[in-house]
Amino acid sequence: FLSHIQEQRLKAAPNIHEFAFRKKRVRVLSSASDVNEQYKGGVVYWMSRDARVQDNWALLFAQRLALKLELPLTVVYCLVPKFLNATLRHYKFMLGGLQEVERQCRELNISFKLLLGPAVERLPQFVNDEQIGAVICDFAPLRLPRQWVEDVVKALPANVPLTQVDAHNVVPLWVTSEKQEYAARTIRNKINSKLSEYLTEFPPLIKHAHGNVKGSHGVDWTAAHKMLSCDMSVDAVEWAQPGYTSACKQLYDFCTRRLRLFYDKRNDPMADALSGLSPWLHFGQISAQRCVLEVSRYKTLFKASAEAFCEEAIVRRELADNFCYYNEHYDNLKGLHSWAYETLQTHRKDKRSPCYTLEELEQSRTYDDLWNSAQLQLVKEGKMHGFLRMYWAKKILEWTETPEQALEYSILLNDKYSLDGRDPNGYVGCMWSIGGIHDQGWKERAIFGKIRYMNYQGCKRKFDVNAFVMRYGGK
Ligand code: FAD
C-alpha cells in the first residue's frame, strides 16, 4: 500500500520543480517576505499540526524553496512539557509519530530537530544560531497554536520571513470562506466547487540535494519523555499505534474491509464500519487529502459510502476548522447562535434529576448502562463511536447543573481520554450537541429547550444497545 501511494505521487509529479503549487495555500505572515539568501543555514519547516513527511503541503513548499535556493532544509518541532489537558496517552502518540518523522527525514537528507521548550523562545534562537533564511509553518485554527505563531512572528529576526501553509484542509481555510459559516449546507458548495483545483495528487518529497545530515546527532527521545509534565495517569492504548505507517495501514484496512459498510452502518456502534482514522488525522500523521484520494478510488464499487466518507472528512471537518477560526468563543456558550443561547437561558432553571458530579460521570456511575458503557469505551480505548459521542454529550447537558458546566465537563472528558481530543472537531462536536451549533431548532422540551434531543429508546431503535453494553460492561 505504501508503494502504491508513492507510485501515485510519482505519476502526478515526477519532478517537484515542475509541480504547479497552488499559491493560495500560502500566506506570508511577517513584514519580511523575501528569503534572506545570505543566510546559509537554509530553510526551516516549523512542524506543528501536520506531523508527517509525505503529503504535507507545508513541507513540500519548504523543500521547493530550499531547492530553488540550493540550501539545506531542516524540520523543527518545538515540544512543550504540557499542552492544554493532554495526557501521557496523547504525548506517547505524538512522540511516536515524530520518531517516524525523524527517520524519514534522515532518509531524505533533511535534518530534524526537536527543540525542548516553547517555540517563541527556542525557534528564534535556533534561527539565529543556524543562520536560517526563511521559516515555513503549518496552520491550526485554535487559540493557543495561533498565539504561538503570532509570538514567533514578533520574535524572529526582522529580515527572516515567516510563511504559513494550510496543510490540513483540502481547500485552504482562507480560500473556502472569509467568515463563520452557518451550517454544512452553507459551506458545502464553497468547498466542493473548489475541489477540482485543490483535491489533487501530492508530488513526492524527494531526497534533498543540499546539506548533509549523515553525521548529525539524532534526537534524544529519552530526554524528551523526561521533560513532560502532563497527566501521567492516562496511558497509551493498544489498538492505535502512532505514525504515518500505522495510519496508512488503518486507511488500507478501512478501504478494503469497512468502507463497503460505511454508508449503511455508520450510525451503528456495533458495526465496524467507520474509518477510525481520527487520531492520526488529529496529530497530522496522515493527510485527510490522502485519505480522500484513496477512498475516492473505490467510488465505482461503493459509491454511496465513498461519498459519505468525503462529506465527513472534507465538509464536516473543514466546517469545524471554519467555526474555530472565525469564532473566538468556539468552546464556550458565548459562541452560540442567539436562538440557542436564548433557549438554554429560558430552561436554565429547569430541574435536573439526576444531576451528576464530574467524578460520577468520569467513573461511569450514572443510571444509564449505555452511557456508562460509552464512557468506559472512551477511557479504555481512547475513542468513542461517533454516533454515541452525540448521545453522550447530550446526556451531560441533561445531568449537570448548567449548560456551562455541561460544556466544560464534556470538553474536559473528551480531551482527557480521546486520542483525537483538543481538535476543532471536538469543540464543534460538543458545541453541536449542547449548543446547537450548525444545527437547527427542534421541538421545545425541558432543559434542552429547542436543542435537538436524543434518548435511550432512540438508540435502541438504531442498534443493539444490549450487545454494546455487554461488550463494554457499563452497569
Ligand atoms: P469517520 O466516520 O470514519 O470519519 C472520517 C473523518 O471525518 C474523521 O476522522 C473526522 O476527521 C471527520 N469527521 C467525521 N465526523 C465528523 C464530524 N461530525 N465533525 C467533524 N469531522 C468529522 N472528532 C475529532 O476528530 N476529535 C474529537 O475530539 C471529537 N469529539 C467529538 C465530540 C462530540 C461530542 C461529538 C458529537 C463529535 C466529536 N468528534 C470529534 C467528531 C466525530 O465524532 C469524530 O470525528 C469521529 O467519530 C471520528 O471517528 P472516525 O475517524 O472513525 O470517523
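Residues numbered from 1 in each chain as written. Predicted model: local features only at pLDDT ≥ 70, side-chain atom pairs only at ≥ 80, totals over all residues. Heavy atoms only, no water.

A.B. asks: What exactly am I supposed to notice about the nonpolar core here?
C.D. replies: Proteins that are soluble and globular tend to have nonpolar side chains buried together. Membership of the largest hydrophobic core comes to 95 residues, with the highest contact counts inside it found for L98, F112, L114 and F309. The biggest single contributor to this core is helix 2 (residues 57-69), with 10 residues. When neighbours within four sequence positions are excluded, F112 is seen to be in contact with V75, Y77, L98, V101, E102, C105, V219 and W221. Listed in part, the 47 residues of the second largest apolar core include L378, F387, Y417 and Y472. (Core = buried A, V, L, I, M, F, W, Y, C linked by side-chain atoms within 4.5 Å. Buried < 20%, exposed > 50% of the residue type's maximum accessible area, 1.4 Å probe, protein only. Helix = DSSP H or I, 4+ residues; strand = E, 2+ residues; numbered from the N terminus. Contact = heavy atoms within 4.5 Å.)

A.B. asks: Looking at this structure, I do not really get the pairing of strand 6 (residues 162-165). What am I missing?
C.D. replies: Regular strands have side chains that alternate between both faces of the sheet. Along strand 6, one buried face is formed by L162 and Q164 and the opposite face, lined by T163 and V165, is buried too. Where strand 1 (residues 26-28) lies against strand 6, 3 bridges are found, and the strand directions are antiparallel. Each residue of the ladder has a partner; that of V26, found in strand 6, is V165. Bridge analysis of strand 5 (residues 132-137) against strand 6 gives 3 bridges, and the strand direction is parallel. (Pairing = 2+ DSSP bridges.)

A.B. asks: What is the right way to look at the site of the ligand in this model?
C.D. replies: Surrounding the ligand, one finds 26 residues, the nearest of these being S275, G276, S278, N414 and D420. Within the side chain of S275, an N or O atom sits 2.6 Å from an oxygen atom of the ligand. With respect to the ligand, the backbone of D420 contributes an N or O atom lying 2.9 Å from a nitrogen atom. Considering the ligand on its own, with 820 Å² of exposed area, one finds that the protein chains cover 91% of that surface. Mapped onto the shell around the ligand, the elements with two or more residues apiece are helix 11 (278-282), helix 13 (303-326), helix 17 (386-399) and helix 19 (424-435). (Near = heavy atom within 4 Å. Polar contact = N/O pair within 3.5 Å; in protein donor to acceptor, adjacent residues only side chain to side chain. Areas by Shrake-Rupley, 256 points an atom, 1.4 Å probe, with all protein chains shown as cover.)

A.B. asks: How should I be thinking about the packing of helix 4 (residues 119-129) against helix 5 (residues 143-155) in this particular structure?
C.D. replies: Relative orientation of the contacting elements helix 4 and helix 5 amounts to 35°, with a least axis distance of 9 Å. In this structure, the crossing between helix 4 and helix 5 has a hand that is right-handed. Touching A119, V120, L123 and P124 of helix 4 are D151, V152 and A155, all from helix 5. Its residues placed into classes, the contact of helix 4 with helix 5 shows 6 nonpolar, no polar and 1 charged. (Axes fitted to C-alpha atoms, helices over the stretch in contact; angles between N-to-C directions. Left-handed = near helix turned anticlockwise from the far one by under 90°. Nonpolar A, V, L, I, M, F, W, Y, C, P; charged D, E, K, R; others polar.)

A.B. asks: Even after reading the chapter, I still don't get the UniProt feature "domain: Photolyase/cryptochrome alpha/beta" (unreviewed entry) in the protein chain, so can you show me in this structure?
C.D. replies: Per the UniProt record, "domain: Photolyase/cryptochrome alpha/beta" (unreviewed entry) is annotated on residues 41-173. Note that residues 41-173 is 44% helix and 22% strand, and that its end C-alpha atoms are spaced 31 Å apart. (UniProt positions renumbered as here; feature names shortened; annotations may be inferred.)

A.B. asks: What is the right way to look at unusual backbone geometry in this model?
C.D. replies: The phi angle of most residues is negative, glycine excepted, and most peptide bonds adopt the trans form. For the bond running from S353 to P354, omega is 0°, close enough to zero to count as cis. Tracing the sequence through the fold places P354 in the loop between helix 14 (338-346) and helix 15 (358-362). Here Q131, not a glycine, exhibits a phi torsion of approximately 55°, which is positive. Relative to the assigned elements, Q131 resides in the loop between helix 4 and strand 5. A relative accessible area of 39% means that Q131 is categorised as partly exposed.

A.B. asks: Sorry, what's going on with helix 17 here?
C.D. replies: Side chains that are three or four residues apart share a direction in an α-helix, a result of its 3.6 residues per turn. The end-to-end C-alpha distance of helix 17 is 21 Å, a good match for the 20 Å that 14 residues give at a rise of 1.5 Å each. Among the 14 residues that make up helix 17, 11 are buried, leaving the element largely enclosed by the rest of the structure. Listed in full, the buried residues belonging to helix 17 are F387, L388, Y391, W392, A393, K394, K395, I396, L397, E398 and W399. (Expected span 1.5 Å × (residues − 1).)

A.B. asks: In this structure, what is going on with the pattern of salt bridges? I would like to understand it.
C.D. replies: Opposite charge on two side chains makes pairing possible when the charged atoms of those side chains draw close. A full pass over the atoms with the stated rule returns 21 salt bridges. The closest approach of N and O atoms between K190 and E181, which form a salt bridge, is 2.7 Å. The network of salt bridges with common partners includes R9, D55, E201 and R290. (Salt bridge = Lys/Arg side-chain N within 4 Å of Asp/Glu carboxyl O.)

A.B. asks: I keep staring at the packing of aromatic side chains and nothing clicks. Help me out?
C.D. replies: The description of an aromatic ring pair rests on the distance of the ring centres and on the angle between the ring planes. Applying the stated rule across the entire model yields 24 aromatic pairs. Ring geometry for F21 versus F61: centroids 5.4 Å apart, planes at 50°, classification tilted. Of this pair, F21 sits in the loop between helix 1 (2-12) and strand 1 while F61 sits in helix 2; the two residues are 40 residues apart in sequence, bridging distant segments of the chain. Arranged with centres 5.8 Å apart and planes meeting at 80°, the rings of F254 and F262 form a pair that is edge-to-face. (Phe/Tyr/Trp six-rings, centres within 6.5 Å; stacked < 30°, edge-to-face > 60°.)

A.B. asks: Quick question: what am I supposed to make of the sheet that holds strand 6 here?
C.D. replies: Paired through backbone hydrogen bonds, the strands of a sheet run either parallel or antiparallel to each other. Taken together, the 6 strands give an open sheet; going across it, the order is 1-6-5-2-3-4, and neighbouring strands pair in mixed fashion. In this open sheet, the two edge strands, each paired with only one partner strand, are strand 1 and strand 4 (111-116). Strand after strand, the sheet turns through a mean of 25° between neighbouring axes, direction not considered. Along the sheet face, helix 4 touches strand 2 (42-47), strand 3 (73-79), strand 4 and strand 5 and points at about 135° away from the line of strand 4.

A.B. asks: I tried to follow the packing of helix 12 (residues 288-296) against helix 13 on my own but got confused; where do I start?
C.D. replies: Packed helix pairs are specified by the crossing angle of their axes together with the interaxial distance, meaning the distance between the axes. Where helix 12 meets helix 13, the closest approach of the two axes is 9 Å, and the angle between their N-to-C directions is 165°. As far as their axial angle goes, helix 13 and helix 12 are roughly antiparallel. Between helix 12 and helix 13 lies a crossing of left-handed hand. Contacts between helix 12 and helix 13 involve A288, C291, V292, V295 and S296 from the former and A306, F309, C310, A313, I314 and R317 from the latter. Class assignment of the residues belonging to the contact of helix 12 with helix 13 gives a composition of 9 nonpolar, 1 polar and 1 charged. (Parallel < 35°, antiparallel > 145°, perpendicular 65-115°, else oblique.)

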